[in-house]
Amino acid sequence: MRARLLTLFTAIATVLAITVPASPPAASAAAPRHRVTYDHYSVMIDGKRVLLRSAEFHYFRLPSPDLWRDVLEKYKSAGFNTVSLYFDWAYHSPKAGVYDFTGVRDVNRLLTVAQQAGLYVIARPGPYINAETTGGGFPAWLKNVPGRARSSAPGYTAAYRDWLGHINKIIAPHQITRGGSVILYNVENEYAMNTDAAYMEDIQKKARADGIDVPTMTNNCCDAASWTSTWASGQGAVQIPGVDDYPQGFDCANPDASWGPWGAGLTERLRDDTPVFAAEYQAGAIDPDNAGFDKCRELTGPKFMKFFYKSNLISSGATAFNYYMGFGGTNWGWLAQPNDVPTSYDYGSAITENRLLSDKYDEFKRQNFFLSSVAPLTKTDPVTAPASSDKAIETVARANPDTHTQFVLVRHSDHAATTDDSATLDWTTPDGHYSVPVRVKGRDAKVLIAGYDLGGQRLVWSNSELMTHVYTEGRDVAVLYGTDGTQGSTVLRYASQPTVKVLDGSVKASYSSGDLRLDYTHSGLARVLISGGGRRPLLLLLGTDAEAAKFWQAGPALVRGTSLVRSATVAGGTAYLRADTAKAEDVEVFADAGRLVVNGSPVRTRVTASGSLVGTLPGPEAVHLPALTGWRSKAESPEAQPGFDDSGWVSASKTTTESPLKPKTPTVLYADDYGYHYGDVWYRGRFTGTGGETKVSLNAFTGKRGSYLVWLNGRYLGSAAGGVQADSDSPVNPDPGRGDFTIPAGLVKAGQPAVLSVLVENQGHNDDWIADDNRFKQPRGLYAASVEGSTAPISWKIQGVAGGENLVDRTRGPLNNGGLYGERQGWHLPAYGDRSWTAGAASQVAPGVTWQRTSFRLDLPKGQDVPIALRFGGPVGKGYRVQIFLNGWNLGQYGGDIGPQTDFTLPAGLLRQHGRNTLALAVVARTDATPAPVSLVALDNERGGVPVSDVPSPSSR
Ligand code: GAL
């Protein structure tokens, strides 16, 4: 029966296809120029006030440019009108003076995609960005440049000016003043400690010289007490100073902890002639304690968003918000700053690392649609709030001085209260005096509105929250919502009694002296059609939070249902949607249209009593992923053997370093000093034996989660945890990563050469959060080395990534590889011939490095988005880590020493969705270990998505 219906449906669709064009007429490509200004209240574009609703996006954490469009469209669909973009200097520059802006680094393309997605851009090129990215965005070669970073020291100045010269040249043509969509330029990042005003000033001079003419801004951090300057005035001042706030902190292990361990989260006003700007506001969390990002999502979930974002809107009067992050992404390669994050930078964001929409996304929709549809919010002053009859509930209010529309924040007086409380507000609205019942159930906050010209209507007040309203088919359609099961009332003003028709649900209407009052319980979705009374008709949709979340506001249409509406246009009586569907389901469209086309296919529709169109969208085809079989494996670490030929290695013979930490060895052994900045490095130290050696003592910096492995004359001596950044912001720990290794008797012979081989992981570079070279220029690699029972000098050689700073793999870039033997030989690359390797996955590995390779074919259904991850089974393995290479791209590290992560995102584009893929796993074991089994998992399946082409991935060198 179902099959018959499907056939019938297809036949109808085919007939319709002849008459209805599959896509709307193309928009004109003209690029008008605009002006950005601002005043006390808001930013303005061409004199028109805009409320900036921005979320942060890190293109460098999504190495598949076609997916940038997917994520940015999802931002737009959540009601954001702006995206904030950090530009990561380290990602583009392998060597001083060398930059790459192609392929996955093509930020010119990124800026074009952002504009096409309908988003303004806040450009944040640093030079310093923090962002838990290696070195906080500083390339590691900068550690070798004399002069304190983030200051006006000449060496640093020359370096950052060069970077800005390159990135500004790409940003400038994308400014709104030249037909693009960049509206603000962020100077530095949370530059609050050890500041240098001449440096702040020079960044701006450089920007102006490079053609940046949109307003400059900055994101101040911390708490007012630690600000050296807010950059609101004086030397180095920016035009619009903003404030960062992470009120909920990063304790993801305790998602139910009390509100605001790090403060009330209210954005300070820093100047009278600029708007209050929440330049970076918490929308997720890093996970320094390895609780897992789902917990971070809970910590910063809808309740947090309701409470803090609404408080900030009404208590602070902010009209510009940038939420950090909207989508976090992946620390692929060696992108992570080692102290706070593992491979995943999911961040507990509204959009997950695998690009799925969470309940936080729903809350962004509820809030953003309100902010975008209610223009009076762009200009408000604090006013006296209506008194609450119960002290358990408090109110805060603002009003627009021109329209007098009032906005009242209602929440618990005890901000952390989880009780269910009710009160009556004694509310003098612009349209009269009212007693308004309110209820706050659990941790919640509401912004109620009074005295608002809602399209052609007059909203006197409502204790439901307004989500959005549109004008379509000659009537206003408004969506209001409230907590499930709570009472709701809405009062509208009419010249005479209107006709009220309850189409759905249970709603009581009463009319008296111009006021139409509707009373209802928030439950499901009620529909009320009001006509007459001297106004154009109004369709009121009264729902719960969950019902409100089903709506999409796209272009001229309001759409209900389906998992995502990317865009909507109406032309010639047809509504054209681009949408994703996770299962066959109804979609309802409120638009000036009698026909519906979704993703290019006509959809059979019927007209509802609400005047909307309803049609059924097909779901995706089922997807079957192949099992991973056909493994081959091979152990390496030949560097551990005394006879290994290291004649091509660099002698570690330097005696000076720019690192403030001076080595305890006669020569400098720091990897960065020899141009080996990322991933693993090998050391080989030769000395002549005395026969009396008893112990090797080493000390190495690896960054948190790192360790080093030690061999003497080919014998494995063991491993130690590497040094990390001191937990506090104090200077480095004097004995950071010490390891003592007993030498078995007879291993070193008197008068004979001995070889120490050490494999040191580099888990990434410290950030420079407090502008302190002690932190940023903390070395990686060996710091101390001695042999007890011997005073013989040790001569060291060092080996890291092939080519050092002279990139060998320019496509995958500077952060993809380190110096494992297999990486240097190209074992991670698809074309490498592994036929001579041992068949089967290694069930047991010895200390050192073992590789496993296999390949698999995919042929996913076209027109579907299937995010796929590599899943490690069983309990998280300890004593070893696994570096994951997909088609040559280093997509992260698994292992109990690293964190709890077991799913590793394989982004479409790097993952060939229609073709052969090569997986190579480098297992670096500190002990004998049994590597966890791996499999492919589909984390979602949507019909729709965006077209994704394969990212060019050279299969050999
Ligand atoms: C801010 C910083 C961001 C990011 C965030 C924490 O202080 O500006 O770059 O590091 O903290 O995730």
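Residues numbered from 1 in each chain as written. Predicted model: local features only at pLDDT ≥ 70, side-chain atom pairs only at ≥ 80, totals over all residues. Heavy atoms only, no water.

The next subject is the UniProt feature "domain: Beta-galactosidase" (unreviewed entry) in the protein. Under the present numbering, the feature "domain: Beta-galactosidase" (unreviewed entry) in UniProt falls on residues 376-551. Across residues 376-551 one finds 2% helix and 66% strand; the C-alpha atoms that close the span lie 22 Å apart. (UniProt positions renumbered as here; feature names shortened; annotations may be inferred. Helix = DSSP H or I, 4+ residues; strand = E, 2+ residues; numbered from the N terminus.)

Two quantities define a packed helix pair, namely the angle between the axes and the distance from one axis to the other. Contact pair helix α5 (residues 154-171) / helix α6 (residues 197-209): the axes reach a minimum separation of 10 Å and the direction vectors enclose 35°. Pair α5 / α6 crosses with right-handed handedness. In this structure, α5 uses Tyr156, Thr157, Tyr160, Arg161, Leu164, Gly165 and Asn168 to contact α6, whose residues at the interface are Tyr199, Asp202, Ile203, Lys206 and Ala207. Within the contact of α5 with α6, the residues separate by chemical class into 6 nonpolar, 3 polar and 3 charged. (Axes fitted to C-alpha atoms, helices over the stretch in contact; angles between N-to-C directions. Left-handed = near helix turned anticlockwise from the far one by under 90°. Contact = heavy atoms within 4.5 Å. Nonpolar A, V, L, I, M, F, W, Y, C, P; charged D, E, K, R; others polar.)

Many structure descriptions define interface size as the accessible area lost when the parts assemble. Splitting the protein by domain gives domain 1 (3-357), domain 2 (377-617), domain 3 (634-799) and domain 4 (808-943). Averaged C-alpha coordinates put domain 1 and domain 2 at centres separated by 31 Å. The interface is formed by 37 residues belonging to domain 1 together with 39 residues belonging to domain 2. Together domain 1 and domain 2 conceal approximately 3,200 Å² of surface at their shared face, both sides included; 62% is due to carbon and sulfur atoms. Here domain 1 is connected to domain 2 by 5 salt bridges. (Domains from an automatic or database assignment. Buried area = accessible area lost by both parts, 1.4 Å probe. Salt bridge = Lys/Arg side-chain N within 4 Å of Asp/Glu carboxyl O.)

What follows concerns the pattern of salt bridges. All told, the structure shown has 51 salt bridges when counted by the stated rule. With its nearest N and O atoms 2.9 Å apart, the salt bridge here joins Asp580 to Arg566. Taken as a pair, Asp580 in strand β31 (residues 574-580) and Arg566 in strand β30 (residues 564-571) lie far apart in primary sequence, 14 residues in all. By relative accessible area, Asp580 is classed as buried at 3%. By relative accessible area, which is 6% here, Arg566 ends up buried. The closest approach of N and O atoms between Asp809 and Arg812, which form a salt bridge, is 2.8 Å. Take Asp809 and Arg812: they sit in the same class, and that class is buried. (Buried < 20%, exposed > 50% of the residue type's maximum accessible area, 1.4 Å probe, protein only.)

Right, let's get into the packing of aromatic side chains. Working definition: an aromatic ring pair is given by the centre-to-centre distance plus the angle between the planes. Counted according to the given criterion, the structure contains 64 aromatic pairs. For the ring pair Tyr156 and Tyr160, a centre distance of 5.0 Å and an interplane angle of 45° mean the geometry is tilted. With Tyr156 and Tyr160 both in helix α5 and 4 residues apart, this pair spans about one turn of that helix. By relative accessible area, Tyr160 is classed as buried at 0%. Residues Tyr821 and Trp827 carry aromatic rings whose centres are separated by 5.9 Å and whose planes lie at 85° to one another, so their mutual orientation is edge-to-face. Among the residues examined, Tyr821 registers a relative accessible area of 24% and is labelled partly exposed. Directly above the ring of Tyr345 sits Arg61, whose terminal nitrogen or CZ lies 3.5 Å from the centroid. The side chain of Arg535 reaches across the aromatic face of Tyr494, ending 5.9 Å from its centre. (Phe/Tyr/Trp six-rings, centres within 6.5 Å; stacked < 30°, edge-to-face > 60°. Lys NZ or Arg CZ within 6 Å of the ring centre and 35° of its normal.)

Right, let's talk about the site of the ligand for a bit. Every one of the 16 residues lining the ligand counts as a neighbour, but Tyr86, Asn130, Glu132, Glu190 and Tyr347 are closest to it. Take Glu132: an N or O atom from its side chain is 2.5 Å from an oxygen atom of the ligand. Measuring from an oxygen atom of the ligand, one finds a side-chain N or O atom of Glu190 at 2.4 Å. Here the ligand loses 95% of its free accessible area of 310 Å² to cover by the protein chains. When grouped by side-chain class, the residues that make up the shell around the ligand number 9 nonpolar, 3 polar and 4 charged. (Near = heavy atom within 4 Å. Polar contact = N/O pair within 3.5 Å; in protein donor to acceptor, adjacent residues only side chain to side chain. Areas by Shrake-Rupley, 256 points an atom, 1.4 Å probe, with all protein chains shown as cover.)

Strand order across the open sheet formed by 6 strands is β47-β37-β48-β54-β51-β52, with antiparallel pairing between neighbours. Of all strands in the sheet, those bounded by a partner on one side alone are β47 (838-839) and β52 (889-894). (Pairing = 2+ DSSP bridges.)

Pairing between strand β16 (residues 420-429) and strand β17 (residues 432-441): 10 bridges, direction antiparallel. Along β17, the bridge assignment pairs Ser422 with Arg439. Linkage of β16 to β17, two consecutive antiparallel strands, is achieved through a turn of 2 residues.

Glancing now at the pairing of strand β11 (residues 320-327). Summarising burial for β11: 8 of the 8 residues are buried, a large majority. Bridge analysis of strand β10 (residues 277-282) against β11 gives 4 bridges, and the strand direction is parallel. Residue Gln282 lies in a different strand from β11, and its bridge partner there is Tyr324.

A separate point is helix α4 (residues 107-116). Three- or four-residue spacings in an α-helix give side chains the same orientation, since the helix completes a turn every 3.6 residues. All of the buried residues along α4 are Val107, Leu110, Leu111, Val113 and Ala114. End-on view of α4: buried residues confined to an arc of 160°, all on one side of the axis. One or two residues past the end of α4 sits Gly118, with phi positive at roughly 85°. (Arc of directions from axis to C-beta.)

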